[in-house]
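Listed here are the chains, written in short residue letters.
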Amino acid sequence: MVNPEVNQFVHSPDRVEIQPEFQIEPAVDSDYQELYAALVDSFGENLETSIPEFKVWSQSKNNPNLRTWIIKENQRVQAFLTLGLDPKLAKSEIRTIGVVSKMRGKGYAKALIQTALNFVHDSGIPACELTVAAANLDALNLYRKFGFQVIEKYDCYQWRKV
């Protein structure tokens, strides 16, 4: 059982024009096998994260309330961000953001977050939330740079079959 403290953040995004050095594009069906491999690489060592089997996870591509953007380098998915939207409730949440371990430090996460926040802003949704483990200091610092503020802290419990 893992009992990490989790921070829930909220941010009211302003639109910021970005000119990333790399191509950010929406994920398409043919990207999902590579996207899953990037997910496993990004979170496989993280005991606070559970990764569903590909068959279950890949069904999310059919959810009209999710948007996923990717960054490819050498025709391989190296980073991704999935945003959940609920336009009826005027809510959005960064659900998952990951960068393949050997590709970290290139600014991929920063560019993906700004892309998502611009999408939220353009959609007329007034805020974006995300949840992150309190021990993930690199992520916490990045989110704070974007203006995210802690709105709630709570414990998260997980059972794993050994």
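Use the structure listed above.
A brief report on the enclosed structure follows. (Residues numbered from 1 in each chain as written. Predicted model: local features only at pLDDT ≥ 70, side-chain atom pairs only at ≥ 80, totals over all residues. Heavy atoms only, no water.)

## A closer look at unusual backbone geometry
- Here the phi dihedral of Asn-74 falls at roughly 55°; this positive angle occurs in a residue that is not glycine.
- With respect to the helices and strands, Asn-74 occurs in the loop between β3 (66-73) and β4 (76-86).
- Its relative accessible area of 63% is what places Asn-74 among the exposed residues.
- For Gln-75, which is not glycine, the phi dihedral falls at a positive 60°.
- Of note, Gln-75 is situated in the loop between β3 and β4. (Helix = DSSP H or I, 4+ residues; strand = E, 2+ residues; numbered from the N terminus. Buried < 20%, exposed > 50% of the residue type's maximum accessible area, 1.4 Å probe, protein only.)

## A word on the packing of aromatic side chains
- The full count for this structure, using the stated rule, is six aromatic pairs.
- Between Tyr-32 and Trp-57, the ring centres sit 5.5 Å apart and the planes meet at 45°, which makes this aromatic pair tilted. You can see Tyr-32 sitting in helix α1 (residues 32-43) and its partner Trp-57 sitting in helix α2 (residues 54-57), a full 25 residues away along the chain. Take Tyr-32 and Trp-57: they sit in the same class, and that class is buried.
- Plain terms: the ring middles of Tyr-36 and Trp-57 are 5.3 Å apart, the flat faces sit at 50° to each other, and that makes the pair tilted. Of this pair, Tyr-36 sits in helix α1 while Trp-57 sits in helix α2, and the two are 21 residues apart along the sequence.
- Among the residues examined, Trp-57 registers a relative accessible area of 16% and is labelled buried.
- Among the aromatic residues, those joined into a ring-pair cluster are Tyr-32, Tyr-36, Phe-54 and Trp-57.
- Sitting over the face of the ring of Tyr-32, Lys-61 holds its NZ or CZ atom 5.6 Å from the ring centroid. (Phe/Tyr/Trp six-rings, centres within 6.5 Å; stacked < 30°, edge-to-face > 60°. Lys NZ or Arg CZ within 6 Å of the ring centre and 35° of its normal.)

## Side note on the nonpolar core
- Counting 41 residues, the largest nonpolar core has Leu-81, Leu-83 and Ile-113 as its most contacted members.
- Those elements that provide at least two residues to this core are α1, β3, β4, β5 (91-99), α3 (108-122), β6 (128-133) and α4 (137-145).
- Ranked by the residues each element gives to this core, the list is headed by α3, at eight residues.
- With residues up to four places along the chain from it excluded, the contact list for Ile-113 reads Leu-81, Ile-94, Ile-97, Leu-142, Tyr-143, Phe-146 and Phe-148. (Core = buried A, V, L, I, M, F, W, Y, C linked by side-chain atoms within 4.5 Å. Contact = heavy atoms within 4.5 Å.)

## A short note on the pairing of β6
- The element β6 is extensively covered by neighbouring structure, given that five of its six residues are classed as buried.
- After leaving β5, the chain enters α3 and then returns to the sheet as β6, a path that is right-handed. (Right-handed = clockwise from strand over helix to strand, strands pointing away.)

## Looking at α1
- Over its 12 residues, α1 extends 16 Å from the first C-alpha to the last, a length consistent with the 16 Å expected when each residue adds 1.5 Å.
- Taken together, the buried positions of α1 are Tyr-32, Leu-35, Tyr-36, Ala-38, Leu-39, Ser-42 and Phe-43. Axial view of α1: buried residues confined to an arc of 160°, hence all on one face. (Expected span 1.5 Å × (residues − 1). Arc of directions from axis to C-beta.)

## Quick look at the layout of surface pockets
- Roughly 190 Å³ of internal volume is contained in the second largest pocket.
- Taken together, 13 residues form the lining of the second largest pocket, with Ala-27, Tyr-32, Leu-66, Arg-67 and Thr-68 sitting closest to its centre.
- Here the residues of the lining of the second largest pocket are counted per class, giving six nonpolar, four polar and three charged. (1 Å grid on protein atoms, 1.4 Å probe; cavity = no way out; pocket = protein on both sides within 12 Å on 5 of 7 lines; lining within 4 Å. Points joined across faces, edges and corners; volume = space filled by probe spheres on them. Nonpolar A, V, L, I, M, F, W, Y, C, P; charged D, E, K, R; others polar.)

## Some thoughts on the environment of Glu-73
- For Glu-73, the location among the structural elements is in strand β3.
- Spatially, the C-alpha atoms of Glu-73 and Met-103 are 9.5 Å apart, while their sequence positions differ by 30 residues.
- In this structure Glu-73 touches Gln-78, Met-103, Lys-106 and Tyr-108, once residues within four positions along its chain are discounted.

## So, the pattern of salt bridges
- A full pass over the atoms with the stated rule returns four salt bridges.
- For the salt bridge of Lys-72 with Asp-31, the shortest nitrogen-to-oxygen distance reads 2.8 Å. Of the two residues, Lys-72 is situated in strand β3 and Asp-31 in the loop between β2 (24-26) and α1; the sequence distance between them amounts to 41 residues.
- Given a relative accessible area of 29%, Lys-72 falls into the partly exposed group.
- Owing to a relative accessible area of 4%, Asp-31 belongs among the buried residues under this scheme.
- We note a salt bridge from Glu-34 to Arg-76, for which the minimum N-O separation is 3.7 Å. With Glu-34 in helix α1 and Arg-76 in strand β4, this residue pair connects regions lying 42 residues apart in the sequence.
- Looking at Glu-34, the relative accessible area reads 21%, which means it is partly exposed.
- Among the residues examined, Arg-76 registers a relative accessible area of 46% and is labelled partly exposed. (Salt bridge = Lys/Arg side-chain N within 4 Å of Asp/Glu carboxyl O.)

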